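Chain residues, written in single-letter form:
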Amino acid sequence: MVGMTDYFADYDTTVEFTSDEELRLDHGAMPHGGFVIRSGNTSDAQAQVIEYRLALESNPEFTASVLVAYARAVHRLNSQGRTGAVTVLDVPPGLLSPKTPAQLRAELL
């Protein structure tokens with residue numbers, strides 16, 4: 001972040017450096033988390049709220065596993081004859097798992 005000019009331009013920001021040892025001992029796992037809350041209406045009379053929670057022990061490991069899952073899915077799409085650019089919204093969730101469709105149905109439904 002230090003090299004990203006103006007990244008924190010509108011914030012009162014303090015950058016603190018840690019030693020390699022402190023990084024390894026106290027921050028090596030790089031946990032990360034947060035909440036996303038989305039509300040909306042399914043009709044004029046009905047309001048709905050959905051909440052997603054993320055609690056990661058290792059943000060880098062989680063990020064790597066997501067990238068591998070999408071690489072797996074894109075390979076499967078290509079095996080089905082699909083080519084071209086896709087977004088995460090274009091990838092069916094079942095293609096993200098290494099499990100077969102039958103395994104997913106048996107274990108998750």
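Counting of residues starts from 1 at the beginning of each chain's written sequence and follows it residue by residue. Local features in this predicted model are restricted to residues of pLDDT 70 or higher, and side-chain atom pairs are both shown and tallied only at a pLDDT of 80 or more, whereas totals for entire chains, interfaces and linings draw on every residue. Here the side-chain values reflect all heavy atoms present in the structure, with hydrogen atoms and water set aside.

Undergrad: Break down the overall build of the protein for me, with residues and values.
TA: Broken down by element type, the protein carries three helices and two strands. Comment: elements are numbered from the N terminus, with helices defined as DSSP H or I runs of at least four residues and strands as E runs of at least two. What you see in the protein, going N to C, is helices and strands ordered as α-β-β-α-α. Radius of gyration (C-alpha) of the protein: 20 Å, far over the 13 Å computed for a compact globule of 109 residues. With respect to the principal axes defined by its C-alpha atoms, the protein has extents near 50 × 45 × 30 Å. Buried residues are those whose accessible area, probed at 1.4 Å on protein chains only, stays under 20% of the maximum for their type, while exposed residues exceed 50% and partly exposed ones sit between those limits. When the 109 residues of the protein are sorted by exposure, 7% land in the buried category. Any pair of residues with heavy atoms lying within 4.5 Å of one another is described as a contacting pair. Of all intrachain contacts in the protein linking residues separated by at least 6 positions in sequence, the fraction that spans at least 24 positions is 26%. Put simply, the radius of gyration uses C-alpha atoms, and a globule should come to 2.2 Å times the residue count raised to 0.38.

Undergrad: Describe the environment of Glu22, and please don't skip the residues or the numbers.
TA: Within the secondary structure, Glu22 is located in helix α1 (residues 20-27). The partly exposed category is assigned to Glu22, whose relative accessible area is 33%. A sequence separation of 22 residues divides Glu22 from Asp44, and the C-alpha atoms of the two residues are 54 Å apart.

Undergrad: Residue-level account of unusual backbone geometry, with values.
TA: One non-glycine residue with positive phi stands out, namely Met30, at about 50°. Locating Met30 in the fold gives a position in the loop between α1 and β1 (32-43).

Undergrad: Describe the pairing of strand β2 (residues 46-56), listing the residues and the values that go with them.
TA: Being paired, for any two strands, means DSSP has found at least two bridges between them. Pairing of β1 with β2, which is carried by 11 bridges, proceeds in the antiparallel orientation. Bridge pairing in β2 links Gly34 to Leu54. In this antiparallel pair of consecutive strands, β1 and β2, the connection spans two residues.

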